[in-house]
Structures are given as structure tokens and as C-alpha cells.
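# Observations on the three-dimensional arrangement
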Amino acid sequence: MASFILRPARPSDVSDILRLIKELAKFEEMEEKVLLTEKDLLEDGFGDHPFYHCLVAEVPKQQSSEGHIVIGFAMYYFTYDPWIGKLLYLEDFFVMQEFRGFGIGSKVMKVLSETAVKTRCSSMHFIVAENNTKSIEFYKRRGAADLSSEEGWRLFEISKEDLMKMSTRYCLKKITMDIQLVPAELVKGLKEWCQGESLEEDHELLVLVPKGVETALVEETLETVKALG
Amino acid sequence: MDFSIRPANVEDCKDIARMIMELAEYEKMAEHVKVTQRDLEQDGFSKNPFFHGIIAEVPEQHRTKEGHTKIGYALYCYFYSSWVGRAVYMEDLYVMPEFRGKGIGKALMRKVAQLGLAAGCNQMNFTVLEWNKPSLDFYFSQGCFDITATVGYHCMRCEGEALERLAQP
């Protein structure tokens, strides 16, 4: 019987957390989707404004065949449901295979639900893949309801690329232009204005906009442009 | 039709509460709504807000017969994906029926996408009811994909008595 402790994660745990995230993703056959790095986990979990919280399960060194002490984790955060208010959302929950069946998972669920109740959350939400019957049974035994089956909720996703497409009203078409086609007086005018404002030429951006486009739209679109380097 | 999209402020909570109820009624789940105007004020507009809101407003001359000018909203919050990190969850998106088909829903969603990207988010998630064909059509046309259908992810919930029982020693 493995003796273990559960404790809040520390910055020094990020390497183990990432290892376990990847193990869980591998189990879900989605390993290539993990793009997070240890640096991201450190900045996002242990900075001024943490985006997530983490519990880790630890066993004494001699009990793990590969020498790992951290053998399980749960990543969670707080979200909001407009119908019932504060929620605890369980993002990831994983115990290494050789340490299952010792009550570690049950203890994690107990600690998380205590946290949820203490912070006045109405509910705890999470996602399970429908073919993960063992996990679904584990959760249903503890009173969880499958909202996708029972109420017909379907989870949708938009990738960053599509978010960027959505956030600019017009697609910025790549126009290969002979620089001489840009009216010389426009270029000259821009240079002179920059000089007058003591701005560097390298920081100039000349945008050609079709006639009749509202200024507000131009401003809004330019705000979404990121200058790199 | 002229409309404006802006971040919600605490004075909008009365209209947000009204529209939350309208959306819940449309989804045939009105009896599930427990959040009040006061909850929204405390949870959304205190030092550490639990959610953020965007409001769609029309000028006075287009107000509804009940006198409302705030005719659409989106509620969203930031979360964390263990795969891609910072992400945004769009909790609610709603436009009153008489104002649909004018690009207001698109504009609200665009604002959430812009704010999410500005905050360093790499993904946006939301849920839709499987019978809600008008919304499904709208979202598919925006390039979204259904990960319940494609990957088999089911949304689960543990609440009320079940949650309390789970927390018992």
C-alpha cells in the first residue's frame, strides 16, 4: 500500500507537472497537442495572477521504480456559470498507472470538492472522453452527471489561427506592390510627419485603405496588428 | 442597423440578468438559473472578477417596445488548457430575437476573440446544445469545430448534494 501525501504544487514542481500532463495526453492519444513548456507553467501558475492551481501527489522516493516522487496531479481553476455562479473546473487529473488503486484519485477528488465547497462554488465541472469508460464510471460513482448525454451540450473549440481571422474584419491581403506605385507625396508626407514628431523611420507603417472605410474601423484593425522585433 | 459593442460595467448587470434568463428560456432551462443581479455585480465587478462581459447596445430610436437598448451580450472568462496554456471560455452569447441577422452576434464574438488574443490566449472554447441548429450553423460558419463529435469529449458536472458528499471525510 503506497503511502502518499497531497499538497499544493510549488514552482519547483513544473517539470513533473509537464511530464504528467504529457503522460495523460499520451493516454488520451493526443500527446502531440501538448504545446506548453515548463516556462509557461511557471509564469502562468506562479506569477502575480495565476491562471491555474495545482495539487500534486507525492510518494516516498523508494516507492517509485523510476525514482519519481511526484506521481499524480490535478490542475484546476475557477470559472463562472451565468446560471449558478462560481465553479471549480478540473482541467487535468492523472495518477501514474503503478500508483492507481490506492485511493489517491479518491483523495484528490475529496480535497478538490472541499476546496469547491469552501470557496462557495456551486459545482465542479470537467471533461472526459466518451471512450474512457473507467474514468466515466469513477466520476459517476461519485455523483457526476454527463451533461453531453443528459442535456445535449456539445463542446466547441476555436484555434488561435481562427481567432485571429475572426478578430480582423477584413483579411489583410498580401499585395505585392512596386514601391513607385505608392504616391511619392504620401511617403514623403509620412517621413516628414515622423521627423516632426521625433519618431524613427523604422517605426513607420503606411497603410493604404479603400475609400469610404470608417476611421473607427481602421483604428480597430490597426490595434490588432502586432509589431515583432 | 447601428449598434455599439463595449465592455460591460456594473450598471449593466440588470440587463445582463434579464438576458441570461431569456437565453435560459430559449434553451428550455430557465429553472436552472439561480444567479441574481446582485451575484453578477459582486462576482463580475469586484477586485478579482470571476467573469467579464461585453454588451451590444442600439441607439434610443431602435429600443424594444419594453424600452431596452441593451440587446445582446457575451460573458467570458479566462481558463487554462494543460495543452496550450492560456485560453478563453465564452460562457454565454446572446442577441435578442428581433435584433438577429444584423452581424451583432458576430461582432460580440469578435470582441471576445480580440480580448482573448490580447490577453495571450491560444484557444477559445464554448458549449452549444446539440438541437440548437441556428447557433450550430452560425458557429460552423465561423470556423469552429465540435470536439464532442470529433474527439468524443463529454462535459461532466458534480454539484449540490453530490459535491457535498464528495467533500465528506
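From a predicted model like this one, the values you see are computed outputs, not experimental measurements. (Residues numbered from 1 in each chain as written. Chains lettered and ligands numbered in written order. Predicted model: local features only at pLDDT ≥ 70, side-chain atom pairs only at ≥ 80, totals over all residues. Heavy atoms only, no water.)

### With respect to the overall build of chain A
Spelled out, the test is: Elements are defined by DSSP. Helices are runs of H or I of four residues or more, strands are runs of E of two residues or more, and each kind is numbered from the N terminus. Classification of residues uses two cut-offs on accessible area relative to the type maximum, computed with a 1.4 Å probe and protein chains only: under 20% is buried, over 50% is exposed, and between them is partly exposed. What makes two residues a contact is simply this: any of their non-hydrogen atoms within 4.5 Å. The protein chains shown are the only cover counted for residues, whose accessible areas, like all others here, come from Shrake-Rupley with a 1.4 Å probe.
Across its full length, chain A carries 8 helices and 7 strands. Residues classed as buried in chain A amount to 43% of the 229 residues present. Sequence-distant contacts, at least 24 apart, represent 55% of the contacts inside chain A between residues at least 6 apart. Looking at chain A as shown, the accessible area adds up to about 13900 Å², and 53% of this sits on carbon and sulfur atoms.

### Quick notes on the sheet that holds strand 1 (residues 5–8) of chain A
Each strand in a sheet pairs with another by means of backbone hydrogen bonds, the pair being arranged parallel or else antiparallel. This is how it is decided: For two strands to count as paired, DSSP must find a minimum of two bridges between them. Each axis is a line fitted through C-alpha atoms, and for a helix only the stretch in contact is used; angles between axes span 0 to 180 degrees, taken between their N-to-C directions.
One open sheet accounts for 7 strands, arranged 1(A)-2(A)-3(A)-4(A)-5(A)-7(B)-6(A); its pairing is mixed. Edge positions in the open sheet fall to strand 1 and strand 6 (145–146) of chain A, since each of these has one partner strand only. Sheet topology note: the strand 1 of chain A/strand 2 (residues 53–58) of chain A ladder contains 4 bridges and is antiparallel. Paired with Pro8 of chain A across the two strands is Leu55 of chain A, which belongs to strand 2 of chain A. Here helix 1 (residues 14–27) of chain A sits on the sheet and contacts strand 2, strand 3 (70–81) and strand 4 (85–95) of chain A; the angle it forms with strand 3 of chain A, its principal contact strand, is near 85°. Contacts from helix 6 (residues 160–167) of chain B reach strand 5 (123–129) of chain A together with strand 7 (153–159) of chain B within the one sheet, and its direction differs from that of strand 7 of chain B by about 75°.

### Digging into the sheet that holds strand 7 (residues 153–159) of chain A
The 7 strands are arranged 1(B)-2(B)-3(B)-4(B)-5(B)-7(A)-6(B) in an open sheet whose pairing can be described as mixed. On the outer flanks of this sheet lie strand 1 (4–7) and strand 6 (145–146) of chain B, each paired with one strand and no other. For strand 2 (residues 52–57) of chain B and strand 3 (residues 70–81) of chain B, the ladder comprises 6 bridges, and the chain directions are antiparallel. What sits directly across from Ala56 of chain B, in strand 3 of chain B, is Gly72 of chain B. Sheet strands in contact with helix 1 (residues 13–26) of chain B are strand 2, strand 3 and strand 4 (85–95) of chain B, and its direction is about 85° off that of strand 3 of chain B. Running at roughly 160° to strand 4 of chain B, helix 3 (residues 104–118) of chain B makes contact with strand 7 of chain A together with strand 1, strand 2, strand 3, strand 4 and strand 5 (123–129) of chain B of the sheet.

### Looking at the interface of chain B and chain A
Filter applied, for reference: Here the buried area means the combined drop in accessible surface, using a 1.4 Å probe, for two parts upon being joined, counting both sides. One speaks of a salt bridge when a side-chain nitrogen belonging to Lys or Arg is within 4 Å of a carboxyl oxygen belonging to Asp or Glu. Any N or O atom pair separated by 3.5 Å or less is treated as a polar contact, with the protein-specific requirement of one donor-capable and one acceptor-capable atom, and with residues adjacent in sequence counted only for side-chain atom pairs. Residue polarity is assigned by list, with Asp, Glu, Lys and Arg as charged and Ala, Val, Leu, Ile, Met, Phe, Trp, Tyr, Cys and Pro as nonpolar; anything else, Gly included, falls into the polar class.
Listed as interface residues are 69 residues of chain B and, on the opposing side, 70 residues of chain A. Summing both partners gives a buried area of about 7000 Å² for chain B against chain A, and 62% of it is carried by carbon and sulfur. Linking chain B with chain A are 1 salt bridge, by the criterion used here. When the shortest N-O distance is used, the salt bridge between Asp44 of chain A and Arg86 of chain B registers 2.9 Å. At the junction of chain B with chain A, the criterion picks out 10 residue pairs in polar contact (both at pLDDT 80 or more). Taken together, the residues of the side of chain B that touches chain A sort by class into 41 nonpolar, 16 polar and 12 charged.

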